[in-house]
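# Close look at the chain arrangement
Listed here are the chains, written in short residue letters.
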Amino acid sequence: MADVADDIEQRLYTVPPDRFVAARDDAVAAARAAGDRDAARRIARLRRPTLAAWLVNLLAINRPELVADLVELSAALRTAQRELRGERLRELSNQRRAAVNALVAAARDLARAAEPAVAAGKLPLPEVEATLNAALSDADVAEQVRSGRLLRPVSYAGFGEVPRPQLRLLTGGAGPAEPAAGPPGKGGRERPGEERPEPRREQAEQREQAERERAEEAARAGQRRELTRELTAARSRQKRAETDLRRCEAAEHDGVGALNRIEAELAEVERRRAAAEEEIGRRRTARRAAERAASTARRHAGEVEAAIEAFDAETVPQAARRADSGSAGRRPAPKERRRG
C-alpha cells in the first residue's frame, strides 16, 4: 500500500497546480473506496506546489538523471570551495551554468508536453533557475529538489559554501602552541624537562603564520572578487537573455493572436460561402421550376390558340354556306307591266 501511495503522490506532483487539489481529492476518495485509510490520510496531507516548484518537480520525476548530475556537481563545487581551488572552481562554474541552463530548458519542454495551456503563458523560469542554483550551494536543497516534492521555489543569497578554516598558531610545526612562558620570576612557568622556545624563534614563527594567514585571506578575497565579477556578468547576461525571451514571447503571442484572428475571419468567410452556395442552390431550383411552369404555360397557350384557329376555320365556311343557300330560295319580284 505504501508503494501505491508513493506512486499516487508522485503522479500528483506532476499535475499542474491549478488541477492539483481536484486530483488530490479524487485520489483520496479512491483510496477510501479501496479501504486504504492510511493512504487516504497521507494523500490528504499533500499540499499544492507553486508553478515554479511544479516545474522543478517535473524535472526530478521525469529527468532524474539530470537532477542527479546536478547533485553530484553541487558536491564537487562545495569541495572545491572548501579547498580554495581556483582553476577547479572556474571549471565547475562553467559546468554549473551549462547544467542549470539545460535543466531550465528541460523544465520548459516538460511543461509544454504536460500542459500546453500552462506553457503558453508566462513560466517562472527565473525562479526555477534560482532554485537549481540554490541546490548547487546547499545539500539540503539539493535533496529536496531530487525528491520531486518541492512546494515552493528556493533562492540562495550567498556565493556558495565557503567555510573559513579555523586557524591556530603553530610553533615549530608540532601542534598547538602552548601559552608563551614569561621570564622566570614574572609569572612564567616551564614544564619539567621541556625547554622553552627562544623568543626570537617564536616571534619569527608567529610572523610567518601571520603572513600565511594574510596570504590565505588575500587568496579568499581574490576568489570572492572573481566570483562577484562572475556573478555580475552572469546576472547581466541573464537580464539580457530574459529581455530577449520576453521580446520573443511577446512576438510569438502577437503572431498567435494574428493567426487566430485570420482563422476566425477565414471561418466566417467559409460560413458565408456555404450560405451563399445554399442560397444559389435554392434560387437555381426556383428558376428551374419557373422554367418548367413557363414551358407548360407556353404549350397550353399554343394549344388554346390552335383550338381558336381551328374553331374559326370551321365556323366561317358554315356561315358562308348558309348565306348562299338563303339567296337561292328567293324569287325575284315580278316587274310591273307598263301601260301602253
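Now for a look at the structure at hand.

Rules and cut-offs
- Residues numbered from 1 in each chain as written.
- Predicted model: local features only at pLDDT ≥ 70, side-chain atom pairs only at ≥ 80, totals over all residues.
- Heavy atoms only, no water.
- Core = buried A, V, L, I, M, F, W, Y, C linked by side-chain atoms within 4.5 Å.
- Buried < 20%, exposed > 50% of the residue type's maximum accessible area, 1.4 Å probe, protein only.
- Helix = DSSP H or I, 4+ residues; strand = E, 2+ residues; numbered from the N terminus.
- Contact = heavy atoms within 4.5 Å.
- Polar contact = N/O pair within 3.5 Å; in protein donor to acceptor, adjacent residues only side chain to side chain.
- Phe/Tyr/Trp six-rings, centres within 6.5 Å; stacked < 30°, edge-to-face > 60°.
- Salt bridge = Lys/Arg side-chain N within 4 Å of Asp/Glu carboxyl O.
- Axes fitted to C-alpha atoms, helices over the stretch in contact; angles between N-to-C directions.
- Parallel < 35°, antiparallel > 145°, perpendicular 65-115°, else oblique.
- Left-handed = near helix turned anticlockwise from the far one by under 90°.

Formed by 34 residues in total, the largest nonpolar core has its most connected members in L55, L59, V128, L132 and V145. Where this core is concerned, the elements lending two or more residues are α4 (51-62), α5 (64-83), α6 (86-114), α8 (125-137) and α9 (139-147). If we skip the residues at most four places from it in the chain, V145 touches V56, A60, V67, T131, L132 and A135. The next biggest cluster of nonpolar side chains, apart from the first, holds 15 residues, and it includes A5, V15, A27 and L46.

For the rest of this paragraph, the subject is the side chain of E115. For E115, the position within the fold is in the loop between α6 and α7 (116-119). Classification of E115 as buried rests on a relative accessible area of 15%. A distance of 3.0 Å separates a polar atom in the side chain of E115 from a polar atom in the side chain of R19. Dropping the residues within four chain positions of it, E115 is found in contact with P16, R19 and W54.

The tally for this structure, following the rule as stated, stands at one aromatic pair. Between the aromatic rings of Y13 and F20, the centroid separation amounts to 5.4 Å while the plane-to-plane angle is 45°, which identifies the pairing as tilted.

A few words on the pattern of salt bridges. Here the structure, examined in full by the defined rule, presents 13 salt bridges. The closest approach of N and O atoms between R41 and D38, which form a salt bridge, is 2.4 Å. Of this pair, R41 and D38 both sit in helix α3 (residues 37-44), three residues apart, which is roughly one turn of the helix. A residue is classified by how much of its surface remains accessible, and D38, at 55% relative accessible area, is exposed. Within the structure, one salt-bridge network assembled from shared partners comprises D6, E9, R42 and R149.

Packing of α4 against α8 leaves a shortest axis separation of 9 Å and a crossing angle of 60°. By the angle between their axes, α4 is oblique relative to α8. For the pair α4 and α8, the crossing hand works out as right-handed. Here A52, L55 and V56 of α4 lie close against α8, whose contacting residues are L125, E127, V128 and T131.

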